[in-house]
Amino acid sequence: MTAKAEPEAVEKVIFDGLAEVGAEPSDINREATFEALDVDSLDLVEIAQIVEDEFGVELAGEDVQDLKTVGEVVDLVVSKGS
Amino acid sequence: MRPDGAALVTGASGGIGAAVADRLAGQGWPVGVHYRSDEAGAAEVVERIESGGGSAVALHADVSERDAADRLVGELEDRFGPVLALVNSAGTRADGLAPQLKDEHWDRVIETNLSAAFRLTRRVLRPMLRARYGRVVNIASVVGPRANAGQSNYAASKAGLIAMTHTVAVEVARRGITVNAVAPGFVETGLTADISSEAVAAEIPARRPGRPEEVAACVGFLASDEASYVTGTTLTVDGGMSA
Ligand SMILES: NC(=O)c1ccc[n+]([C@@H]2O[C@H](COP(=O)([O-])OP(=O)(O)OC[C@H]3O[C@@H](n4cnc5c(N)ncnc54)[C@H](OP(=O)(O)O)[C@@H]3O)[C@@H](O)[C@H]2O)c1
């Protein structure tokens, strides 16, 4: 079963996912940009898969390609999951 | 080196796929032996692997069906864990000169040889990306890059498979996942039972058809740890036919 896409839960899963794909944990926060975190398109695909497994929310490539910061992705997942 | 996981071989009830399943089992992979109609053939492969001390399970699906990839991979994962090696060997032909080739024959060959291989690849990339390890080997053909009258559908499917292989390879190379193709020439199997070996042999520099094991050996190499820097390429196994 998938969890409910509550803001804190989504934030935690995405932060953990970013760390898993190699972002520096101390640099991860809502305002951080993927560019600054050195997170590339393939990393985002992996994070989208983690989000889908956890919350059942599907993030297509075109959904995330224009998002620059971690917070924007968290907000998108929360809004899609509600 | 290699994380724990399983290998899925499609079309493994006979021919090249069966030889590949044997080979990968010998290299220590638990193997999903996929078949469509030849249940007995798949059971025989599983039995052979188990009696050699390996692990295997027979899995049934028509890969031309859209949901087959998810189901197949899910079943194998339930049994042996994440699928970290995939060999797409399921393939079919439906020959005819282009003016007479029916939509149904075009579609069946493209679906089975190309679209199904893509859907399976897409599905297994999930566990492979997570594991930072993966081996995908697609059984293409010398027909595709090269013309063969009467096989416009088959040639298009195999050329497409090679192109897909090369592109996916560059997408995932940085994650320790390799994606390659093997292109056999003429191999004696059920697929080529209607073709006279003697007639073809004259056109092969090696003067004989290939054996499934000779193709499987190349797949075994590409699936091994030693081949970790080989990706996005096509290994031709054809007795010199296209040299
Ligand atoms: N033999 C050659 O000379 C040669 C040359 C170049 C490339 N290849 C390629 O090598 C691969 C293996 O062929 P092979 O020679 O070993 O022939 P084969 O013995 O006829 O094996 C083909 C396999 O594909 C399976 N298959 C076909 N359509 C399917 C579908 N819709 N869904 C699921 N499974 C399906 C068959 O399953 P069931 O029998 O259980 O139905 C069979 O196990 C093919 O991709 C072929 O194109 C062969």
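Residues numbered from 1 in each chain as written. Chains lettered and ligands numbered in written order. Predicted model: local features only at pLDDT ≥ 70, side-chain atom pairs only at ≥ 80, totals over all residues. Heavy atoms only, no water.

Caption draft 1: Quick look at the overall build of chain B. A count of helices and strands for chain B gives seven helices and seven strands. Seen in sequence order, chain B has helices and strands lined up from the N terminus as β-α-β-α-β-α-β-α-β-α-β-α-α-β. Here the C-alpha atoms of chain B give a radius of gyration of 17 Å, agreeing with the 18 Å that 2.2 N^0.38 yields for 243 residues. Structurally, chain B occupies a C-alpha span of about 45 × 35 × 35 Å along its principal axes. In chain B, buried positions account for 51% of the 243 residues. Long-range pairs, those at least 24 residues apart, make up 71% of the contacts in chain B with a sequence separation of at least 6. Total accessible area on chain B is roughly 10,800 Å²; 51% of this is exposed by carbon and sulfur atoms. A distance of 7 Å separates the average location of the 24 positive side-chain charges in chain B from that of its 29 negative side-chain charges. (Helix = DSSP H or I, 4+ residues; strand = E, 2+ residues; numbered from the N terminus. Rg over C-alpha atoms; globule rule 2.2 N^0.38 Å. Buried < 20%, exposed > 50% of the residue type's maximum accessible area, 1.4 Å probe, protein only. Contact = heavy atoms within 4.5 Å. Areas by Shrake-Rupley, 256 points an atom, 1.4 Å probe, with all protein chains shown as cover. Lys, Arg positive; Asp, Glu negative; His and termini not counted. Charge placed at Lys NZ, Arg CZ, Asp CG, Glu CD.)

Caption draft 2: The pairing of strand β6 (residues 177–184) of chain B, seen in detail. Residue and element names in this part refer to chain B. Counting buried residues along β6, eight of its eight residues qualify, which places the element largely inside the surrounding structure. Side chains of β6 alternate between two faces, with I177, V179, A181 and A183 and T178, N180, V182 and P184 buried alike. Of the pairings in the sheet, the one linking strand β5 (residues 134–139) to β6 comprises six bridges and is parallel in character. Each residue of the ladder has a partner; that of N138, found in β6, is A181. (Pairing = 2+ DSSP bridges.)

Caption draft 3: Highlighting the pattern of salt bridges. Residues and elements named next belong to chain A. Evaluated as defined, the whole model comprises 22 salt bridges over all chains. Its salt-bridge partner being K12, residue D16 comes within 2.7 Å of it at the nearest N-O pair. Taken together, the residues D16 and K12, both in helix α1 (residues 7–20) and four residues apart, mark about one turn of the helix. The partly exposed category is assigned to D16, whose relative accessible area is 40%. (Salt bridge = Lys/Arg side-chain N within 4 Å of Asp/Glu carboxyl O.)

Caption draft 4: Region of the structure containing the packing of helix α3 (residues 41–55) of chain A against helix α4 (residues 103–131) of chain B. At a closest axis distance of 11 Å, the pairing of α3 of chain A and α4 of chain B adopts a crossing angle of 110°. Between α3 of chain A and α4 of chain B, the interaxial angle falls into the category roughly perpendicular. Every residue of α4 of chain B that contacts α3 of chain A at L42, E46, Q49, I50, E52 and D53 of chain A is listed here: R126, L129 and R130 of chain B. Of the residues contributing to the contact of α3 of chain A with α4 of chain B, the split by class is three nonpolar, one polar and five charged. (Axes fitted to C-alpha atoms, helices over the stretch in contact; angles between N-to-C directions. Parallel < 35°, antiparallel > 145°, perpendicular 65-115°, else oblique. Nonpolar A, V, L, I, M, F, W, Y, C, P; charged D, E, K, R; others polar.)

Caption draft 5: Region of the structure containing the environment of D22 of chain B. Looking at where D22 of chain B falls in the secondary structure, it is placed in helix α1 (residues 15–26). Sequence-distant contacts of D22 of chain B, that is, excluding residues within four places in its chain, are made with V45, R48 and I49 of chain B.

Caption draft 6: Region of interest: the environment of D43 of chain A. Tracing the backbone through its elements, the reader meets D43 of chain A in helix α3. D43 of chain A sits 25 residues away from L18 of chain A along the chain, and the two C-alpha atoms are 7.9 Å apart. Not counting chain neighbours up to four residues away, the residues in contact with D43 of chain A comprise V21 and D38 of chain A together with R175 of chain B.

Caption draft 7: Inspection of the sheet that holds strand β2 (residues 31–35) of chain B at higher detail. Residues and elements named next belong to chain B. Sheet architecture is open: seven strands sit in the order β3-β2-β1-β4-β5-β6-β7, paired in parallel fashion. Both outer strands of the open sheet, β3 (56–60) and β7 (234–237), are each paired with one neighbouring strand and no more. Going from strand to strand, the sheet's axes swing by 20° on average, the running direction of each strand aside. Here strand β1 (residues 6–9) runs beside strand β4 (residues 83–88); their pairing, made up of four bridges, is parallel.

Caption draft 8: Representation of the side chain of S89 of chain B in the model. All names here are of chain B. The residue S89 is located in the loop between β4 and α4 in this model. Residue classification places S89 among the buried residues on the basis of a relative accessible area of 15%. Within polar-contact distance, the side chain of S89 engages the backbone nitrogen of G17 at 3.5 Å. Once you skip the residues sitting within four places of it in the chain, S89 turns out to touch T10, G11, I16, G17 and I139. (Polar contact = N/O pair within 3.5 Å; in protein donor to acceptor, adjacent residues only side chain to side chain.)

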